[in-house]
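Residues per chain, in single letters:
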Amino acid sequence: MQGWLKPIGPEDPRIYWIRRAVVLLVIFAVIAAIVWLAVRPRSVTATPVESSPSNSATVSPDAETPQPSPSESPSEASDGEPTPGAEATEATEAETSESADAESSETPDAAEQAPAACQPKNLSLRVEGNEALAQSETSSAFHVAVATTEESCRLDLGAAGTALAITSGADAIWSTADCDQWQPSDVLELTAGAESGFDVSWPVRRSNGCEITESVLGVGTYVATATIKQASARFVMQIHY
């Protein structure tokens with residue numbers, strides 16, 4: 001006991017007390033570590049808790065989330081204000097609608113300005129001219145009047161094969177059909193109860209294709225016949241000295 005309280009040795013007693021203090025500190029540290037390991041809290045694994053049916057939220061099949069209508073853009077459905085793209089689309093649709101309305105309003109007028117083609121069976125012709133011609137004459141004018149029983153129609157003389165021919169008995173003297181340059185090509189707008197017409201000039205000579213002969217026609221009776229499809233009219237005249 002005396003050696004514990006009063007260190008005995010060749011060294012200074014203070015050194016022995018320091019050594020003893022270090023040993024005690026090490027012992028206390030080991031004891032503290034053992035105690036801490038024994039009493040430290042253990043980790044606990046959390047177990048998920050299942051909610052009972054009574055606490056879970058039930059969504060009815062009929063309760064659907066409101067969806068924006070097809071005509072609404074997503075921004076319109078969210079804040080009620082159309083996006084610039086939606087405004088451009090609406091403007092384009094409005095212009096298209098106005099264009100379609102304008103075209104539909106113009107269609108009846110265009111139809112009125114372009115009546116249907118005349119039916120030849122509804123046409124009637126009348127030929128006017130000089131009943132007496134001298135052999136020396138070199139031109140005779142004819143006017144062919146055309147009428148229809150239709151309310152209104154359009155007559156293309158060229159497309160209808162219009163012709164005026166001069167004959168003497170069975171002798172064919174001259175015809176507008178002999179040369180394309182002589183072919184009537186006017187377009188007549190006809191209405192019921194009103195006449196329209198066209199003019200033809202005959203050189204009072206025979207034709208040979210598009211050529212006119214120089215020989216003088218003989219004295220006698222000549223007939224000018226105008227035809228448009230099955231419609232026709234005759235005009236009788238005399239050539240004298």
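It should be noted that the structure appears before, not after, this text.
Residues numbered from 1 in each chain as written. Predicted model: local features only at pLDDT ≥ 70, side-chain atom pairs only at ≥ 80, totals over all residues. Heavy atoms only, no water.

A. Layout of the state of the cysteines. Scanning the entire structure with this criterion turns up two disulfides. Each disulfide pairs two cysteine sulfurs, and for Cys118 the partner residue is Cys153, the sulfurs being separated by 1.9 Å. One quick way to see it: the torsion about the S-S bond of Cys118 and Cys153 is about 90°, and its sign makes the bridge right-handed. In this pair, Cys118 sits in the loop between α4 (84-113) and β1 (123-128) while Cys153 sits in strand β4 (residues 152-156), placing the two residues 35 residues apart along the sequence. (Disulfide = S-S within 2.5 Å. Helix = DSSP H or I, 4+ residues; strand = E, 2+ residues; numbered from the N terminus.)

B. Seen up close, the sheet that holds strand β11 (residues 220-228). In space, the five strands of this open sheet follow the order β2-β12-β11-β5-β6, with mixed pairing throughout. Because the sheet does not close on itself, it has two edges, and the strands there are β2 (132-134) and β6 (171-175). In this sheet, adjacent strand axes meet at a mean angle of 30° when their direction is disregarded. Here β2 pairs with strand β12 (residues 231-240) via three bridges, running parallel. Within β12, the position partnered with Leu133 by the bridge is Ile239. (Pairing = 2+ DSSP bridges. Axes fitted to C-alpha atoms, helices over the stretch in contact; angles between N-to-C directions.)

C. Fine view of the nonpolar core. Judged by nonpolar contacts, the single largest core of 32 residues is most densely connected at Val146, Leu155, Ile166 and Trp202. At five residues, β12 tops the list of elements feeding residues into this core. (Core = buried A, V, L, I, M, F, W, Y, C linked by side-chain atoms within 4.5 Å. Buried < 20%, exposed > 50% of the residue type's maximum accessible area, 1.4 Å probe, protein only.)

D. Inspection of unusual backbone geometry at higher detail. We note that Val204 has phi near 55°; this positive angle belongs to a residue other than glycine. Tracing the backbone through its elements, the reader meets Val204 in the loop between β8 (196-202) and β9 (207-208). Residue Val204 is classed as buried on the basis of its relative accessible area of 1%. One non-glycine residue, Lys229, adopts positive backbone phi at about 55°. Along the chain, Lys229 turns up in the loop between β11 and β12.

E. Molecular detail of the environment of Ala145. With respect to the element layout, Ala145 can be found in strand β3 (residues 140-148). Along the sequence, Ala145 and Leu125 sit 20 residues apart, while their C-alpha atoms lie 5.6 Å from each other. Beyond its immediate stretch of four places on either side in the chain, Ala145 contacts Ser124, Leu125, Arg126, Glu195, Ser196 and Gly197. (Contact = heavy atoms within 4.5 Å.)

F. The sheet that holds β8, seen in detail. Read from one edge of the open sheet, three strands run β1-β3-β8, paired in antiparallel fashion. Here the strands that pair on one side only, and so sit at the sheet edges, are β1 and β8. Direction aside, neighbouring strands of the sheet carry axes that sit 20° apart on average. Sheet topology places β3 next to β8; seven bridges connect them, and they run antiparallel.

G. How the structure looks around the packing of aromatic side chains. Following the criterion strictly, the structure yields two aromatic pairs and no others. Considering the side-chain rings of Phe142 and Phe235, the 6.2 Å spacing of their centres and the 75° angle between planes classify their relative orientation as edge-to-face. Placement of Phe142 in strand β3 and of Phe235 in strand β12 is noted, with a sequence separation of 93 residues between them. Pair check on accessibility: Phe142 and Phe235 agree, each one buried. Sitting above the plane of the Trp17 ring, Arg20 keeps its charged end 4.9 Å from the centroid. (Phe/Tyr/Trp six-rings, centres within 6.5 Å; stacked < 30°, edge-to-face > 60°. Lys NZ or Arg CZ within 6 Å of the ring centre and 35° of its normal.)

H. Inspection of the pairing of β11 at higher detail. Where strand β5 (residues 163-168) and β11 come together, five bridges link them in antiparallel fashion. Residue pairing in the sheet places Ile166 in a bridge with Ala224 of β11. Note: β11 against β12, nine bridges, orientation antiparallel. Each residue of the ladder has a partner; that of Ile228, found in β12, is Ala231. Between the end of β11 and the start of β12, which pair antiparallel, lie two residues, with Lys229 showing a positive phi angle near 55°.

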